[in-house]
Amino acid sequence: MKIRSTTWFVGMCGAALVLSAGCSSMKTPATASVAVSKAAVADAAGAGGAQYAPVDMNSAREKLALANKAMADKDYKQANELANQAQADAKLAQGKADSSKAQLAAAALQDDIRVLREELSRASK
């Protein structure tokens, strides 16, 4: 009888541990996701996302604000989803900004090459 009571007690402790870990583990990923998204939005803003991809930047900022609100409301699942969406929007904005800046740099190089060719053409005549 004592072995059965001990087994039952150990089983109940194990179940309680699993349940408590399951309930508390959702907060940690949501907190981490929100922090990563905040950094992604800051990186995108620093890369010129607001200038080159304003729609995506606004979307990222709005979703990050909603994720923070969901964290305050302790809706960790919603906070995690919104944080992931904000991160995706921020990365898209950063990618568009980087692409736009690369296109501008390429155009400037093409202009420089054109000017050099004109000068070489004049010098050889």
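Structure: see above.
Everything quoted here is computed from the prediction, not taken from an experiment.

A. Local environment of helix 2 (residues 27–46). Helix length check: helix 2 (20 residues) gives 29 Å between terminal C-alpha atoms against 28 Å at 1.5 Å per residue, within 8%. Where helix 2 is buried, its residues contact helix 3 (49–52), helix 4 (54–72) and helix 5 (76–124). Gly48 sits one or two positions beyond helix 2 and adopts a positive phi of about 95 degrees.

B. Layout of the nonpolar core. Residues Val34, Val41, Met71 and Ala90 are the most contacted members of the largest nonpolar core, which totals 19 residues. At the level of elements, helix 2, helix 4 and helix 5 are the ones that each hand at least two residues to this core. Here this core gets seven residues from one element, more than from any other, and that element is helix 5. Other than its neighbours up to four places away in sequence, Ala90 contacts Ala40, Val41, Ala44 and Ala60.

C. Examining the packing of helix 2 against helix 5 more closely. Where helix 2 meets helix 5, the axes come as close as 8 Å, and the angle between the chain directions of the two elements is 20 degrees. Between helix 2 and helix 5, the angle is such that the two are roughly parallel. For the crossing formed where helix 2 meets helix 5, the hand is left-handed. Here Lys27, Pro29, Ala30, Ser33, Val34, Val36, Ser37, Ala40, Val41, Asp43 and Ala44 of helix 2 lie close against helix 5, whose contacting residues are Tyr76, Ala79, Asn80, Ala83, Asn84, Ala86, Gln87, Ala90, Ala93 and Gln94. Each residue belonging to the contact of helix 2 with helix 5 can be placed in one class, and the counts come to 13 nonpolar, six polar and two charged.

What counts as what
- Residues numbered from 1 in each chain as written.
- Predicted model: local features only at pLDDT ≥ 70, side-chain atom pairs only at ≥ 80, totals over all residues.
- Heavy atoms only, no water.
- Helix = DSSP H or I, 4+ residues; strand = E, 2+ residues; numbered from the N terminus.
- Expected span 1.5 Å × (residues − 1).
- Contact = heavy atoms within 4.5 Å.
- Core = buried A, V, L, I, M, F, W, Y, C linked by side-chain atoms within 4.5 Å.
- Buried < 20%, exposed > 50% of the residue type's maximum accessible area, 1.4 Å probe, protein only.
- Axes fitted to C-alpha atoms, helices over the stretch in contact; angles between N-to-C directions.
- Parallel < 35°, antiparallel > 145°, perpendicular 65-115°, else oblique.
- Left-handed = near helix turned anticlockwise from the far one by under 90°.
- Nonpolar A, V, L, I, M, F, W, Y, C, P; charged D, E, K, R; others polar.

Coordinates in, geometry out; function isn't part of it.
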